[in-house]
Amino acid sequence: MRLHPPHFDVSMSQEMIRKLWTYACAADGEISAIGEIHIGGSLITVTDNVHLLKQEGTGGSTHLDMGAFAELCVEYQTSGKDPGSLRCWMHTHPHMSAFMSGTDDATIIKLAKMMDHPIVAVVLNTDGDTMWRIVDGDASVDLVYRIPGKRPTREEMDIVLPEIKGKVSHKEYAWLGKYGWRGGKKRDYGTKFQGGWNF
């Protein structure tokens, strides 16, 4: 897959974009991940190294544990990798259109202050629609891309489910009339969430 926004080309393997689509279909709510990019001239390559970190998700938000992100940066540094390459934020809108919400905009601004530029943000849904944002300094550009092929199969989703269960805790909300929306039962995917950053 190769996109052509102004000033940069963006490249990602079809296998990687397929895996992200599978994440979106397999999870009960929104999830997010941090990816690695390499830059060569005007080409931004999103590598196959995608990190699904500890987080809490709902049907309409994802809450990433920034302590886990800090640990990932330390792990990169101690293993001789460049933590500055962790400049791609990926997240899902499972049953919505693929767009950058106001919360997403705020998140990208926060990340842009933490990371070297350019950075890449992508949102995708269960239909295979994606929106990409490339941020370089004060400039940014959005573009859309439809993932080719059929929706991920149950077998593909079963492969990524253990990883999701190990990282994502899903919280549900219920409408309680005059009491408004309240956090209901938490469908625990296997990890209790402590602190973090609301994406």
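Asker: Help me get a handle on the side chain of Arg-87, residues and values and all.
Answerer: Within the secondary structure, Arg-87 is located in the loop between helix 2 (66-78) and strand 7 (88-92). Residue Arg-87 is classed as buried on the basis of its relative accessible area of 12%. Contact partners of Arg-87, with chain neighbours within four places excluded, come to Gly-35, Ile-37, Ile-39, Met-115, Asp-116, His-117, Pro-118, Ile-119 and Val-120.

Asker: Any details on the pairing of strand 8 (residues 119-124)? Residues and values, ideally.
Answerer: For strand 8, the tally of buried residues reaches 6 of 6 residues, placing the bulk of the element in the interior. Along strand 8, one buried face is formed by Ile-119, Ala-121 and Val-123 and the opposite face, lined by Val-120, Val-122 and Leu-124, is buried too. Of the pairings in the sheet, the one linking strand 7 to strand 8 comprises 5 bridges and is parallel in character. From the neighbouring strand, Thr-92 faces strand 8, where its bridge partner is Leu-124. Note that the unit made of strand 7, helix 3 (residues 102-114) and strand 8 has a crossover that is right-handed. When strand 8 meets strand 9 (residues 129-136), the two strands line up antiparallel, connected through 6 bridges. Bridge pairing links Val-122 to Trp-132 in strand 9.

Asker: Hey, could you go over the packing of helix 1 (residues 14-26) against helix 4 (residues 154-167) for me, with residue numbers and the actual values?
Answerer: Where helix 1 meets helix 4, the closest approach of the two axes is 9 Å, and the angle between their N-to-C directions is 75 degrees. By the angle class used here, helix 1 and helix 4 are roughly perpendicular. Residue-level inspection shows Arg-18, Lys-19, Thr-22, Tyr-23, Cys-25 and Ala-26 of helix 1 in contact with helix 4, the latter providing Glu-156, Met-157, Val-160, Leu-161, Glu-163 and Ile-164. Considering only residue class, the contact of helix 1 with helix 4 consists of 7 nonpolar, 1 polar and 4 charged.

Asker: Which residues make up the pattern of salt bridges, and what values go with them?
Answerer: Enumeration according to the criterion identifies 5 salt bridges in this entry. Taking the shortest distance from any N to any O, the salt bridge between Asp-105 and Arg-133 comes out at 2.7 Å. One end of the pair, Asp-105, is in helix 3; the other, Arg-133, is in strand 9, and 28 residues separate them in sequence. The buried category is assigned to Arg-133, whose relative accessible area is 14%. Linking Asp-158 and Arg-154 is a salt bridge whose minimum nitrogen-to-oxygen distance equals 3.3 Å. Of the two residues, Asp-158 and Arg-154 are both situated in helix 4; the distance of 4 residues between them amounts to about one turn of the helix. A relative accessible area of 42% means that Asp-158 is categorised as partly exposed. Take Arg-154: its relative accessible area is 44%, and that puts it in the partly exposed class.

About the thresholds
Residues numbered from 1 in each chain as written. Predicted model: local features only at pLDDT ≥ 70, side-chain atom pairs only at ≥ 80, totals over all residues. Heavy atoms only, no water. Helix = DSSP H or I, 4+ residues; strand = E, 2+ residues; numbered from the N terminus. Buried < 20%, exposed > 50% of the residue type's maximum accessible area, 1.4 Å probe, protein only. Contact = heavy atoms within 4.5 Å. Pairing = 2+ DSSP bridges. Right-handed = clockwise from strand over helix to strand, strands pointing away. Axes fitted to C-alpha atoms, helices over the stretch in contact; angles between N-to-C directions. Parallel < 35°, antiparallel > 145°, perpendicular 65-115°, else oblique. Nonpolar A, V, L, I, M, F, W, Y, C, P; charged D, E, K, R; others polar. Salt bridge = Lys/Arg side-chain N within 4 Å of Asp/Glu carboxyl O.

Functional significance is not addressed by these values, which are geometric in nature.
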